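Listed below, chain by chain, are the residues.
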Amino acid sequence: MGFARTCSVALVGVDGVVVEVQADLEPGVAAFTLVGLPDKSLTESKDRVRAAVVNSGGEWPQKKLTVGLSPASVPKSGSGFDLAIACAALGASERIDPRVLADIVMIGELGLDGRVRPVRGVLPAVLAAADAGYEQVVVPESAAAEASLVPGVSVLGVRSLRQLIAVLTDEPVPDEDPDEQGRTDPLAGLRLPGAGAATGMHGMGAAQYDQGHDLADVVGQLSARTAVEVAAAGGHHLFLEGPPGAGKTMLAERLPAILPPLGRGESLEVTAVHSVAGLLPPGKPLVDVAPYCAPHHSATMQALVGGGQGVARPGAVSLAHRGVLFLDETPEFSSHALDALRQPLESGHVVIARSAGVVRFPARFLMVLAANPCPCGRFSQRDTLCECSPSAIRRYQARLSGPLLDRVDLRVEVDRVTRSQLTERGARGESTETVADRVRTARERAAARLAGTPWRTNSEVPGRELRSRWYASPGAMEEAERSLERGVLTARGLDRVLRVAWTVADLAGRDRPGAADVTLALQLRTGVPRGVPMPIGASS
């Protein structure tokens, strides 16, 4: 009887659980049994592993082989266990010394010819292995750069099972030809069918990779540009309402470029989510810029918040973690899908319960909503171009529920661009670089104030903390408090006005918000003009 064990990782959402892969050989009729709550794709690994071992020059044991995945109570899915199963079986047959395998974590799919193929979720899997105290990890060569992002772990990238056997047995390592030039990158096969179209992921960060996107291209729209700057500086949610062609999408596309670069911890969080989703760009294992996600209005609730059949996959809210989620034509989205956003907007994560288990994905994003004022898009208080009936306008605007809009910090009406604004020469607004510098300075001021707390931006600070630890100037909140008494603001709305006021003060370089900052925050919150000048520096 032979026995060997090694380790792999099962992913539950973006969290990993180290799984011990045990192989036991007993005399009897040749058979291969896999136990430990595997799913269909993992059950099929029996055929892949047998073919890979034989085609790698190994001898498949003609005995009763039982492979157990422990803990057996954790659901296991995917093909990432292939490499560990193959090595455990070879260790049980004494082709590899079982003592060598015991403290190694192996992650990778095997092709029938013995090649080691990449799998989704390598980064969170290696993070889980490091947290469990493992120091040696074997991954596909194409995923070695991603795995190396985890400090304190020795990473071995292999191209084939033959190479791994040679390394583990101290034999000469055979040369393996790389994939033929011109072929699709192996990582492209990890992308879910239609994932890019369903989630609106344009490369990574859209605006950051397109140098043609500049905030100076937006004509006019002083109040909207100011709102975009405030949203970026404080992480506040934004609602843009206006006629078609006024520049709502242009503003949203340029918002990610003025966000500060992601810190090391934020980069690992975002990379882990995108690794699980199979959306990491080839050749760039670490996502260091804010992602931009713009799903189509036909997206389902599962596409927005995550889910799907079997093991839950991250949705658009998680793919936009630490970045921007842009919902264009918001009233056209399903009301159920929009209302499902309430929980992640408040908590910063989404919990998905399925029969296979409960998973939790991070979802702290900056949401930008864009909508027309009516079905035809031409309704305005200043002209009579709209042909929609009052009842049709009410029904259209009622598609956005009050509880959802109450979670939006900034509301701005984007006016129609006039001929003089469009044709005037030399009237370009501030560039993305100028606004981004101001946003970065404001974030640094907020970070210094919030040092030693679990919050990073003004939008994350609970209202009770703002009222008890960080005070506005005396008398600054009087007008906002009167709006609360008149029913214009809810209690949540009053807290959000105070958060926005702190962001305005940070942008203006003040130690705490004054009456003008609170009034501007109230104007941006309610969308009702209050005659307050824009003091931040954005210009048309």
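Definitions and cut-offs
- Residues numbered from 1 in each chain as written.
- Predicted model: local features only at pLDDT ≥ 70, side-chain atom pairs only at ≥ 80, totals over all residues.
- Heavy atoms only, no water.
- Pairing = 2+ DSSP bridges.
- Helix = DSSP H or I, 4+ residues; strand = E, 2+ residues; numbered from the N terminus.
- Contact = heavy atoms within 4.5 Å.
- Axes fitted to C-alpha atoms, helices over the stretch in contact; angles between N-to-C directions.
- Salt bridge = Lys/Arg side-chain N within 4 Å of Asp/Glu carboxyl O.
- Buried < 20%, exposed > 50% of the residue type's maximum accessible area, 1.4 Å probe, protein only.
- Phe/Tyr/Trp six-rings, centres within 6.5 Å; stacked < 30°, edge-to-face > 60°.

A. Looking closely at the sheet that holds strand β16 (residues 410-413). Taken together, five strands build an open sheet; the order of strands is β11-β12-β15-β10-β16 and the sheet is parallel. Of all strands in the sheet, those bounded by a partner on one side alone are β11 (292-293) and β16. Relative to strand β15 (residues 366-371), strand β12 (residues 324-327) runs parallel, the two sharing four bridges. Along β15, the bridge assignment pairs Leu325 with Met367. Sitting on the sheet, helix α10 (residues 248-258) touches β10 (238-241), β11, β12 and β15, and the angle it makes with β15 is about 170°.

B. Expanded view of the pattern of salt bridges. Within this structure, the stated rule accounts for 31 salt bridges. Residues Arg438 and Glu229 are paired through a salt bridge, measuring 2.5 Å at the closest nitrogen-oxygen approach. One end of the pair, Arg438, is in helix α19 (residues 432-449); the other, Glu229, is in helix α9 (residues 222-234), and 209 residues separate them in sequence. You can call Arg438 buried: its relative accessible area is 17%. A salt bridge links Arg449 to Asp506; the shortest N-O distance between them is 3.0 Å.

C. Up close: the packing of aromatic side chains. According to the stated counting rule, one finds one aromatic pair in the structure shown. Relative to Trp60, the ring of Phe32 has its centre 5.5 Å away and its plane inclined at 40°; by these criteria the two rings are tilted. With Phe32 in strand β3 (residues 31-35) and Trp60 in the loop between α2 (45-55) and β4 (64-70), this residue pair connects regions lying 28 residues apart in the sequence.

D. Structural detail: the pairing of β15. In terms of residue burial, β15 counts as a mostly covered element, since six of its six residues are buried. Residues of β15 alternate between two faces, with Leu366, Val368 and Ala370 on one and Met367, Leu369 and Ala371 on the opposite face, all of them buried. Where β10 and β15 come together, four bridges link them in parallel fashion. Bridging across to β15, Leu240 finds its partner in Ala370.

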